[in-house]
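Report on the structure
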Amino acid sequence: QVQLVESGGGLAQAGGSLRLSCAASGGTFSSYAMGWFRQAPEKEREFVAGINWRSGSSTNYADSAKGRFTISRDNVKNTLYLQMNSLKPEDTAVYYCARARFTWVDTHTRAYDYWGQGTQVTVSS
């Protein structure tokens, strides 16, 4: 059974940074692409960033994340990361990590079959 557990969320000021982690257990972590999504109150869950399998040589970012967020993976530690810099109040949301059904990055939620419970990120102005 695959389990994904996020951590690292919290309260940050605008312009600050946070680093999210997602610890994976069960399954073969390196064999699948991984992604970060977020969901703000009364909004749909949206893609933030994704990384392909194995070496993670290919990444993809939502326009809102480009230049500010960096996704990475450590296949030895079975952990996915999201470094978030220059945070804005509009980044406030619950952040979820997810395992893709495939080896390549997809921006749609339907392409992911395992999800973590989420971690709250709140950015104050």
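The following paragraphs examine the structure supplied in this document. (Residues numbered from 1 in each chain as written. Predicted model: local features only at pLDDT ≥ 70, side-chain atom pairs only at ≥ 80, totals over all residues. Heavy atoms only, no water.)

Counting 26 residues, the largest nonpolar core has Trp36, Leu80, Leu82, Met84 and Tyr95 as its most contacted members. Broken down by secondary-structure element, the contributors of at least two residues to this core are strand S3 (18-25), strand S4 (34-39), strand S5 (46-51), strand S7 (69-74), strand S8 (79-84), strand S9 (93-100) and strand S11 (119-124). The residues contacting Met84, other than those within four sequence positions of it, are Gly16, Ser17, Leu18, Leu20, Arg68, Phe69, Tyr95 and Val121. In this structure, Phe47, Ala62, Ala98 and Ala111 belong to the second largest nonpolar core, which totals 9 residues. (Core = buried A, V, L, I, M, F, W, Y, C linked by side-chain atoms within 4.5 Å. Buried < 20%, exposed > 50% of the residue type's maximum accessible area, 1.4 Å probe, protein only. Helix = DSSP H or I, 4+ residues; strand = E, 2+ residues; numbered from the N terminus. Contact = heavy atoms within 4.5 Å.)

What follows covers the packing of aromatic side chains. According to the stated counting rule, one finds 5 aromatic pairs in the structure shown. Relative to Phe47, the ring of Phe37 has its centre 5.6 Å away and its plane inclined at 75 degrees; by these criteria the two rings are edge-to-face. Of this pair, Phe37 sits in strand S4 while Phe47 sits in strand S5; the two residues are 10 residues apart in sequence, bridging distant segments of the chain. Phe47 carries the same exposure label as Phe37, and that label is buried. We note Arg19 situated over the ring of Tyr81; from NZ or CZ to the ring centre the distance is 4.0 Å. Arg73 extends its terminal NZ or CZ atom over the ring of Phe29, reaching a point 4.5 Å from the ring centre. (Phe/Tyr/Trp six-rings, centres within 6.5 Å; stacked < 30°, edge-to-face > 60°. Lys NZ or Arg CZ within 6 Å of the ring centre and 35° of its normal.)

This part is about the environment of Trp104. Take Trp104: it is sitting in the loop between S9 and strand S10 (112-115). Classification of Trp104 as partly exposed rests on a relative accessible area of 49%. With 10 residues separating them along the chain, Trp104 and Tyr114 place their C-alpha atoms 15 Å apart. Setting aside anything within four residues of it in sequence, one finds Trp104 in contact with Ala33 and Asn52.

Here the structure, examined in full by the defined rule, presents 1 disulfide. Disulfide partner of Cys22: Cys97, at an S-S distance of 2.0 Å. Here Cys22 and Cys97 share a disulfide; its torsion about the S-S bond, 45 degrees, makes the bridge right-handed. Of this pair, Cys22 sits in strand S3 while Cys97 sits in strand S9; the two residues are 75 residues apart in sequence, bridging distant segments of the chain. (Disulfide = S-S within 2.5 Å.)

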